[in-house]
2 protein chains.
Amino acid sequence: MEIQQQFEQFLSQRGMKHTNERREIFRAILDMDAPFDVDKLLFYLKQQGEKTSKATIYRTLQLLLESGLLRTISLSPAAARDTLYSLCGKYRAYDHLVCTGCGKVRDIEKQQICLSCQTITKELGYKLESHSLRIFALCPECQAKGIKTC
Amino acid sequence: MEIQQQFEQFLSQRGMKHTNERREIFRAILDMDAPFDVDKLLFYLKQQGEKTSKATIYRTLQLLLESGLLRTISLSPAAARDTLYSLCGKYRAYDHLVCTGCGKVRDIEKQQICLSCQTITKELGYKLESHSLRIFALCPECQAKGIKTC
DNA sequence: ACTTATAATGAGAACGAGTCTCAATTGCAG
DNA sequence: CTGCAATTGAGACTCGTTCTCATTATAAGT
Ligand SMILES: [Mn+2]
Ligand SMILES: [Mn+2]
Ligand SMILES: [Zn+2]
Ligand SMILES: [Zn+2]
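First, a word on scope: everything that follows refers to the structure included in this document.

Criteria and cut-off values
Residues numbered from 1 in each chain as written. Chains lettered and ligands numbered in written order. Predicted model: local features only at pLDDT ≥ 70, side-chain atom pairs only at ≥ 80, totals over all residues. Heavy atoms only, no water. Near = heavy atom within 4 Å. Polar contact = N/O pair within 3.5 Å; in protein donor to acceptor, adjacent residues only side chain to side chain. Helix = DSSP H or I, 4+ residues; strand = E, 2+ residues; numbered from the N terminus. Nonpolar A, V, L, I, M, F, W, Y, C, P; charged D, E, K, R; others polar. Pairing = 2+ DSSP bridges.

## Considerations on the protein's contact with DNA strand D
Okay, so step 1: In the neighbourhood of DNA strand D, 22 residues make up the surrounding shell, with A:Lys17, A:Tyr58, A:Thr83, B:Thr19 and B:Thr56 lying closest.
Okay, so step 2: A share of 65% of the atoms of DNA strand D within 4 Å of the protein falls on sugar and phosphate groups.
Okay, so step 3: At a separation of 2.4 Å, a phosphate oxygen of DNA strand D approaches a polar side-chain atom of A:Tyr58.
Okay, so step 4: Here a phosphate oxygen of DNA strand D and a backbone polar atom of B:Lys17 are 3.1 Å apart.
Okay, so step 5: Where the surface near DNA strand D is concerned, the elements lending two or more residues are α4 (54-67) of chain A together with α2 (20-31) and α4 (54-67) of chain B.
Okay, so step 6: Each residue belonging to the surface near DNA strand D can be placed in one class, and the counts come to four nonpolar, seven polar and 11 charged.

## Quick look at the pairing of strand β5 (residues 127-138) of chain A
Okay, so step 1: As paired strands, strand β3 (residues 95-99) of chain A and β5(A) are joined by four bridges and run parallel to one another. In the sheet register, A:Leu97 faces β5(A), and the bridge partner there is A:Ile135.
Okay, so step 2: Across 11 bridges, β5(A) lies against strand β5 (residues 127-138) of chain B in antiparallel orientation. Each residue of the ladder has a partner; that of A:Ser132, found in β5(B), is B:Arg134.

## Quick look at the protein's contact with DNA strand C
Okay, so step 1: A:Thr19, A:Arg22, A:Thr56, B:Tyr58 and B:Thr83 are the nearest of the 21 residues found near DNA strand C.
Okay, so step 2: Put simply, 62% of the atoms of DNA strand C that lie within 4 Å of the protein are in sugar or phosphate.
Okay, so step 3: Here A:Lys17 contributes a backbone N or O atom positioned 3.1 Å from a phosphate oxygen of DNA strand C.
Okay, so step 4: In this structure, a base nitrogen belonging to DNA strand C sits 3.4 Å away from a side-chain N or O atom of B:Lys17.
Okay, so step 5: For the surface near DNA strand C, the secondary structure elements donating two or more residues are α2 (20-31) and α4 of chain A together with α4 of chain B.
Okay, so step 6: Across the surface near DNA strand C, the residue classes break down as four nonpolar, six polar and 11 charged.

In structure tokens:
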């Protein structure tokens, strides 16, 4: 099924209206070519002549999170600002390797991580839903430059 | 070495002063019996008659993070509020299993996770520093109660 | 189509965690 | 002790996020 239709179906299931704003916001999200924050989305919509309000964007993002179509990304263990969002499945990996020197982020795809999560939850009788792994490490370039962290 | 002395040594290495405020804040952190936020720390210190300021608490927490004695915890992938802190080593695991139903958090200790992180960073020529894994799953109790998420 | 009830939106005020400023205080080297 | 740079406290400030409420749009019922 088309992803737009999945959202509309989600709205219907909840007895919510299919508004023009919800459509436009979702379309803008589909246009994003990297994880985005609210500012970026708002700017993009303004550019296109939409006068969507900040409040409606936050409300729609919340709906998309609840629908399971969108997820948040937290790259830094501290960062309590500027939430990043990404469509589920748009980028293959949910796991990230973050360079503590230059901040560069790589996606990780390691079957072993998924298997470990399955093992852990199975052993404890939990029903696995998702996971998020962040590895903090110094990239080869930063090692060469002699950048130190901590 | 005593952990208090490790902090004082860190301050000395940086040529920073051993102030009463830094001592009292660290003592309060040692008294915490669970991951804490700044509010809780501030309240605890007020209770004890200390009139430490919010600014100094943030400044000292930052120093403790840099010293490697303290870490932050991010349990929810969304939460952009109220950072949680915990002494390194106070709770054994850095990885958490979070119930998406009741929010209950368990520590995870799985050697396999550490090994995977080592493998991943080694393959890419990175120098591993740390990692943080959060597994989101429904606990047995919540499954029994028929609580659904998403 | 038209009406109507009500869900949704927009504008901006409010909120709150975290940061910054600067005058007053404190630690500590000499 | 003294002198001075480092540190602190009070509170203003920032800015991402949430809330409020008057206005507007959706969709069910006719
Ligand atoms: Mn931004
Ligand atoms: Mn709190
Ligand atoms: Zn790097
Ligand atoms: Zn549970």
